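# Coordinate inspection notes
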Amino acid sequence: MSLFTVPSLLHAKSRNEKTASADAIQHLPDPDILLIEVYKNLAANHLQEAQLKADDLVEAYPNFQLGHLIRGDLLLMHTRPVNSFGGSSNGSAEKLKDLRDEAIVRLKAIREKPDPNLVPRNILQLREDQKQVLLVDAKKSRLYLYENEHGQLKFLTDFYVSQGKFGINKSKEGDQKTPIGVYYITSHLSGSKLPDFYGPGALPINYPNEWDKINGRSGSGIWLHGVPSENFSRPPMASDGCVVLTNPDFLKIAAMIDIGKTPVIISEQLEFLTAAKWNVEKQSASKMLEDWRADLESQNPNRLLNNYSRNFKTMQGDNLNVWFPKQQQAIEGLQHLSIKLKEVTQFRYPGKDELIVSTFTQETIAGKSKSSVRKRQYWIKEAAKWRIIYEAQV
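Below is a summary of the structure that appears in this document. (Residues numbered from 1 in each chain as written. Predicted model: local features only at pLDDT ≥ 70, side-chain atom pairs only at ≥ 80, totals over all residues. Heavy atoms only, no water.)

### Quick word on the overall build of the protein
Cut-off, in case you're wondering: In DSSP terms, a helix is any run of H or I states spanning at least four residues, a strand is any run of E spanning at least two, and both are numbered starting from the N terminus. Residue burial is assigned from relative accessible area. The probe radius is 1.4 Å, only protein chains are included, and a residue is buried under 20% of its type maximum, exposed over 50%, and partly exposed in between. Residues count as neighbours in contact if any of their non-hydrogen atoms are within 4.5 Å of one another. Reported accessibility uses the Shrake-Rupley method at a 1.4 Å probe radius. Residues are deemed covered only where the shown protein chains occlude them. Charged residues are defined narrowly, with Lys and Arg counted positive, Asp and Glu counted negative, and His plus the chain ends left uncounted. A single reference atom marks each charge: NZ on Lys, CZ on Arg, CG on Asp, CD on Glu.
Of the regular secondary structure elements, the protein holds 12 helices and 18 strands. Along the first, second and third principal axes, the C-alpha atoms of the protein reach 85 × 45 × 35 Å. Per-residue burial for the protein yields a buried fraction of 50% across its 394 residues. Across the protein, every contact between residues at least 6 apart in sequence was considered, and the portion connecting residues at least 24 apart equals 62%. For the protein, the exposed area adds up to about 19000 Å²; of that, 49% sits on carbon and sulfur atoms. Between the mean site of the 51 positive side-chain charges and the mean site of the 46 negative ones, the protein shows a separation of 4 Å.

The following block contains the structure:
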């Protein structure tokens, strides 16, 4: 039997079994840890111990093709030397390459798991009601889950993911690339209402966001989702642009996230800072936003204008010369103006540009009049100064 063919009994799982709750799977062993234990025992020439770990792996995850392939190699080693990955398989060279690539990124991610004392640089500030944040490292084919504990980030766990067939930096519909940026989960689609291809469900994100649109990027239907019931996982680069998890991992995440609140940051490669360096960057970003607030409240057009980039552009195509006078007119002549910023989030935007995206609720009080709007600003660093290149209500 080919090791790429899981026994038919294992395919006989029903749709209900496939969409089992996160509670039912939370006690399953971590497949990546079992995988690296297999290789550690092999490196120490402990073939029997490696075989037992491989047995545990396929017992816990009977449709894990990579696990079956490695177990087959181990069985073959009892009879003759195995000098190549998949030596026991008659599968195609392409499938072997896919499984080899998956094994490499899984093992590398375990060895290079982020130091829990370090902080992901992309996250500068979260709202108190944003309890989790998801970060995707495309280079490592890994999704990291952090918890927000009163403004302090705590690393919880990480998951293997598959991304677009042609990598990252999505720019148009059908390019089979995964976007880079800061997004939010917009809904939860139940697996019972989707084709089996998506596994137990999907979590759509708001691609294209404002920054994507203003830069001419298009496309739709970028989701976090699972895999068909007969599969355990997909190769590292195999989706049409979505971020794809194993079904057990998808269920864990789906049980924790908050629709509309949980950020999803997708980056080519994540960067981690010490708490001290992170605090410096966080305070700098907070000061940047506070200076803008003070300049707005001052009603001094020259002070306020200095916060904006000459390359500023709205979604409608208005440049700074058209847009700014309209904004200034709205606050001219207001008496006893007071502006407060609440529910602030700030992220360092992934990509080549030095970019920060800030979202906040702006409360404006002028005399007896009071208004509240939710705004989002994209700040770009120009000649060592942060300036707003896009601003709009959200």
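After that view, the rundown keeps rolling.
### Points about the sheet that holds strand β7 (residues 181–184)
Note the cut-off: Pairing between strands requires that DSSP locate at least two bridges from one strand to the other. Convention adopted: a line fitted to C-alpha atoms gives each axis, helices being fitted over their contacting stretch, and angles between N-to-C directions are expressed from 0 to 180 degrees.
If you walk across this open sheet you meet the five strands as β5-β4-β3-β13-β7, and the pairing is mixed. Strand pairing shows two members of the sheet lacking a second neighbour, β5 (152–160) and β7, which therefore form its edges. The average angle at which neighbouring strand axes cross in this sheet is 20°, direction not considered.

### A look at helix α5 (residues 47–60)
The line we're drawing: Multiply 1.5 Å by the residue count of a helix minus one, and that product is the helix's expected span.
With 14 residues, α5 extends 20 Å from end C-alpha to end C-alpha; this agrees with the ideal 20 Å at 1.5 Å per step. All buried positions along α5 are accounted for by Ala50, Gln51, Ala54, Leu57, Val58 and Ala60.

### Describing the sheet that holds strand β16 (residues 355–366)
Sheet architecture is open: five strands sit in the order β2-β15-β16-β17-β18, paired in antiparallel fashion. Edge strands, defined here as strands with exactly one partner in the open sheet, are β2 (123–125) and β18 (385–393). Each adjacent strand pair in this sheet contributes to an overall mean axis angle of 25°, direction not counted. Bridge analysis of β16 against strand β17 (residues 369–382) gives 12 bridges, and the strand direction is antiparallel. Residue pairing in the sheet places Ile365 in a bridge with Lys370 of β17. Across the face of the sheet, helix α10 (residues 275–298) comes into contact with β2, β15 (337–348), β16, β17 and β18 while running at roughly 150° to β15.

### Concerning the packing of helix α4 (residues 31–43) against α5
What counts is decided by this rule: Here is the rule for angles: anything less than 35 degrees is roughly parallel, anything more than 145 is roughly antiparallel, 65 through 115 is roughly perpendicular, and the remaining ranges are oblique. A crossing counts as left-handed when the near helix is turned anticlockwise from the far one by less than a right angle, and as right-handed when that turn is clockwise. Three classes are used, and their members are as follows: Ala, Val, Leu, Ile, Met, Phe, Trp, Tyr, Cys and Pro are nonpolar, Asp, Glu, Lys and Arg are charged, and the others, Gly among them, are polar.
Two elements in contact, α4 and α5, have axes whose closest approach is 8 Å; the angle formed by their N-to-C orientations is 165°. By the angle between their directions, the pair α4 and α5 is classed as roughly antiparallel. α5 is crossed by α4, and the crossing has left-handed handedness. Residues Pro31, Leu34, Leu35, Glu37, Val38, Asn41 and Leu42 of α4 touch α5, and the partners they reach there are Leu47, Glu49, Ala50, Lys53, Ala54, Asp56 and Leu57. Tallied by class, residues from the contact of α4 with α5 come to nine nonpolar, one polar and four charged.

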